[in-house]
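# Close look at the chain arrangement
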Amino acid sequence: MATFKDLGISEQFIKALTELKITEPSEIQKKAIPYLLNNNSDFIGQAQTGTGKTAAFGLPILEKVDPNDNNIQALILAPTRELCQQIAKKLFKFTKYSEKIFVEAIYGGEKIEIQMRNLAKPTQIVVATPGRLIDLLERKAIDLSFVQTLVLDEADEMLSMGFKQELDTILKMISLQCFTWLFSATLPDELKLLVEKYLSEDAHKIQVNKNDVVNKLIVHQYFVSAPNLKFEYLLQFLKTQPKMNGIIFCRTKAQVQTLTKQLIAKNIAADALHGDLEQRDRDKVMRAFKNHKVQILVATDISARGIDVDNLAYVVHYVLPDQIEYYTHRSGRTARAGKRGISICFVSPDEVKKVKVIERTLNLNFHKI
Ligand code: ADP
Ligand code: MG
């Protein structure tokens, strides 16, 4: 059985990992970490949701940066603010017993002046959303010329959010000595262009369970009802999950808002997360959800990508996603770190065929309940 030590991780990080109950490396960690530590090359890593991709790129980065060099040596790009915060926080926790390595998260919706001030201090690692990074570059408040490692986490989502131009600009600025590592649970065709353009031809590719992109620990279910009865059945389902935390997905902000109101009216501790909220409110909701003060998060697809909350018992697709990949990412909020979880779709009779398409395409087994 390989340990983090066997993979080449030093004692100072192992101590922190152990405290975080991360003791046995996951598949992607076993495959990616030794490679990334011992080779200088571009890299593509694909592994199911919730299997520890953050540590798979984060630990090699922490090993590689020089804490005595005050320049930014690694840049991690992620599609959403919440994900940036989450990654930065994870890395910070990994460094609890190491030499001081400064990680800064930069994203929109927060005062840029504060971020500029923080960046003026020694910073070795930056985790950023593409949009805010461009702002800071335009203000010459950030210097990327010493970046040796660029990580694109959830790159496909950055593209589907329309960050293509920003990514182009950033990738062009990165020096030739920089290596790019791309990590995602899904590698759709749209990514191929970006990979061809910015990753070298001999980029090393590791895919864990390539034919089963959806985490095997998820139980997939669907429930058919007339649209006007859907809410009642949702309530019934929630009653079977007392005191459990979960996420309910809708497609639009309006649907999220309506459903949140309906749930709150039934005295359920639900709150909404979507892109139109002020950053302060987004932070508040996420904090309350992670602390389990909010039991149910009602969210749009974008705001939940990559989000890692302990012990989510279920994910509800109250409105089916419009892209198959989103089903993977939505349901992947549950069954993380080796735990089990339910992913349940509430559909009308004429949507059953959509469920069947998801089932076939993703090679899943849905149970009708
Ligand atoms: P991914 O990016 O692959 O979806 P994350 O990196 O967010 O997954 O990790 C999911 C959860 O699993 C996190 O809470 C993380 O701390 C935990 N985790 C990561 N690696 C391990 C491990 N080797 N053993 C146990 N838990 C782990
Ligand atoms: Mg992730």
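Residues numbered from 1 in each chain as written. Chains lettered and ligands numbered in written order. Predicted model: local features only at pLDDT ≥ 70, side-chain atom pairs only at ≥ 80, totals over all residues. Heavy atoms only, no water.

### Notes on the domain arrangement of the protein chain
Our working definition: The source of the domain bounds is an automatic or database domain assignment. Note on definitions: buried area is the accessible-area loss of two parts on being combined, 1.4 Å probe, summed for both. When a carboxyl oxygen of Asp or Glu is within 4 Å of a side-chain nitrogen of Lys or Arg, the pair counts as a salt bridge. We define a polar contact as two N or O atoms separated by no more than 3.5 Å, with the added condition that, inside protein, one atom must be a possible hydrogen donor and the other a possible acceptor, whereas residues neighbouring each other in sequence contribute only through side-chain atom pairs. A run of DSSP states H or I qualifies as a helix once it reaches four residues; a run of E qualifies as a strand once it reaches two. Both are numbered from the N-terminal end. Polar here means any residue other than Ala, Val, Leu, Ile, Met, Phe, Trp, Tyr, Cys and Pro, which are nonpolar, and Asp, Glu, Lys and Arg, which are charged; Gly is therefore polar.
Looking at the assigned domains, one finds that the protein chain contains domain 1 (4–207) and domain 2 (218–368). For the pair domain 1 and domain 2, the summed buried surface comes to about 1800 Å²; carbon and sulfur atoms form 45% of the total. Between arginine 305 and glutamate 157 there is a salt bridge, and its shortest N-O distance comes to 3.0 Å. Run the count over domain 1 and domain 2 and you get 13 residue pairs in polar contact (both at pLDDT 80 or more). Those elements that provide at least two residues to the side of domain 1 that touches domain 2 are helix H5 (81–94) and helix H8 (155–160). Class assignment for the residues of the side of domain 1 that touches domain 2 results in six nonpolar, ten polar and seven charged.

### A few points about the site of ligand 1
The condition that has to hold: Here a residue counts as near a molecule or strand whenever at least one of its heavy atoms sits within 4 Å of it. Methods summary: accessible areas were calculated by the Shrake-Rupley approach with a probe of 1.4 Å, and residue burial reflects only the protein chains presented.
Taken together, the neighbourhood of ligand 1 is formed by 18 residues, with Glu24, Gly50, Lys53, Thr54 and Asp308 sitting nearest. Arginine 336 has a polar side-chain atom sitting 2.9 Å from an oxygen atom of ligand 1. For ligand 1, whose unbound accessible area comes to 570 Å², protein coverage reaches 86%. Counting the residues that make up the shell around ligand 1, at least three belong to each of domain 1 (4–207) and domain 2 (218–368).

### Description of the nonpolar core
How we decide: Throughout, nonpolar core names a set of buried Ala, Val, Leu, Ile, Met, Phe, Trp, Tyr and Cys residues whose side chains join them through atoms within 4.5 Å. Each residue is assigned to one of three classes by its accessible area relative to the maximum for its type, calculated with a 1.4 Å probe on protein chains only: buried under 20%, partly exposed between the two thresholds, exposed over 50%. We call two residues in contact whenever any of their non-hydrogen atoms come within 4.5 Å of each other.
Ranked by internal contacts, the top residues of the largest apolar core, which has 40 residues, are Leu59, Ile61, Ile76, Ile125 and Phe183. Beyond its immediate stretch of four places on either side in the chain, isoleucine 61 contacts Ala74, Ile76, Ile125, Thr149, Val151 and Trp181. Counting residues in each nonpolar core, the second largest holds 34 residues, with Leu150, Leu159, Ile174 and Leu182 among its members.

### A few points about the environment of valine 309
Its location among the elements puts valine 309 in the loop between strand E11 (296–299) and strand E12 (312–317). As a C-alpha pair, valine 309 and glycine 246 span 63 residues in sequence and 9.4 Å in three-dimensional space. The residues contacting valine 309, other than those within four sequence positions of it, are Met286, Phe289, Lys290 and His292.

### Things to note about the sheet that holds strand E5 (residues 149–153)
Heads up, the condition is: Pairing between two strands is assigned when DSSP locates at least 2 bridges connecting them. Axes here mean lines fitted to C-alpha atoms, for a helix over just the part in contact, with angles spanning 0 to 180 degrees between N-to-C directions.
The sheet built from seven strands is open, its strands ordered E3-E4-E2-E5-E6-E1-E7 with parallel pairing. The two strands at the open ends of the sheet, each matched to only one other strand, are strand E3 (103–106) and strand E7 (204–207). Taken over all neighbouring pairs, the strand axes of this sheet differ in orientation by 15 degrees on average, direction set aside. Bridging between E3 and strand E4 (residues 125–128) involves four bridges; their strand directions are parallel. Opposite glutamate 104, over in E4, you have valine 126 as the bridge partner. Docked against the sheet, helix H6 (residues 112–120) engages E3 and E4, running at close to 160 degrees with respect to E3.

### So, the side chain of aspartate 168
Looking at the element boundaries, aspartate 168 is found in helix H9 (residues 164–173). Excluding residues that lie within four positions of it along the chain, aspartate 168 makes contacts with Lys197 and Tyr198.

### Remarks on the pattern of salt bridges
Applying the stated rule across the entire model yields 16 salt bridges. Connected through shared salt-bridge partners, Glu154, Asp156, Glu157 and Arg305 make up one network.

### As for the packing of helix H4 (residues 53–64) against H5
Cut-off, in case you're wondering: Comment on the angle field: the value is read as roughly parallel under 35 degrees, roughly antiparallel over 145, roughly perpendicular from 65 to 115, and oblique elsewhere. The handedness criterion is simple: a crossing whose near helix is rotated anticlockwise from the far helix by less than a right angle is left-handed, and one whose near helix is rotated clockwise is right-handed.
The contact between H4 and H5 brings their axes to 10 Å, and the two run at 55 degrees. Considering the angle they form, H4 stands oblique to H5. As for how H4 packs across H5, the hand of that crossing is right-handed. Residues Thr54, Ala55, Phe57, Gly58, Leu59 and Leu62 of H4 lie in contact with H5, whose contacting residues are Ile87, Lys90, Leu91 and Phe94. Here the residues of the contact of H4 with H5 sort into seven nonpolar, two polar and one charged.

### Observations concerning the sheet that holds strand E9 (residues 245–249)
Hydrogen bonds between backbone groups are what pair the strands of a sheet, and the pairing can be parallel or antiparallel. Here seven strands make up an open sheet; going across it, the order is E10-E11-E9-E12-E13-E8-E14 and the pairing parallel. Two strands bound the open sheet, and with one partner strand each, they are strand E10 (270–273) and strand E14 (366–368). Here the average twist between neighbouring strands, direction ignored, is 25 degrees. As judged from the four bridges shared by E12 and strand E13 (residues 341–347), these two strands associate in the parallel manner. Looking across to E13, one finds that tyrosine 314 is bridged to isoleucine 342. Across the sheet, helix H14 (residues 324–331) touches strand E8 (218–224), E9, E12, E13 and E14, and the angle it forms with E12 is around 155 degrees. Lying on the sheet, helix H15 (residues 352–361) is in contact with E8, E13 and E14; it crosses E8 at an angle near 165 degrees.

### A look at the packing of aromatic side chains
Where we set the bar: A pair of Phe, Tyr and Trp rings is counted when the ring centres sit within 6.5 Å of each other, with Trp represented by its six-membered ring. The angle between the planes then sorts it: under 30 degrees is stacked, over 60 is edge-to-face, the rest tilted.
Under the counting rule described, the total for this entry stands at nine aromatic pairs. Ring geometry for phenylalanine 223 against tyrosine 233: centres 4.7 Å apart, planes inclined by 50 degrees, an arrangement best described as tilted. One end of the pair, phenylalanine 223, is in strand E8; the other, tyrosine 233, is in helix H11 (residues 230–239), with ten residues separating them in the sequence. Look at tyrosine 233 and you get partly exposed, because its relative accessible area is 29%. Summarising the aromatic geometry, the rings of phenylalanine 237 and phenylalanine 346 are spaced 6.1 Å apart at their centres and angled 70 degrees between planes, so their arrangement reads as edge-to-face.

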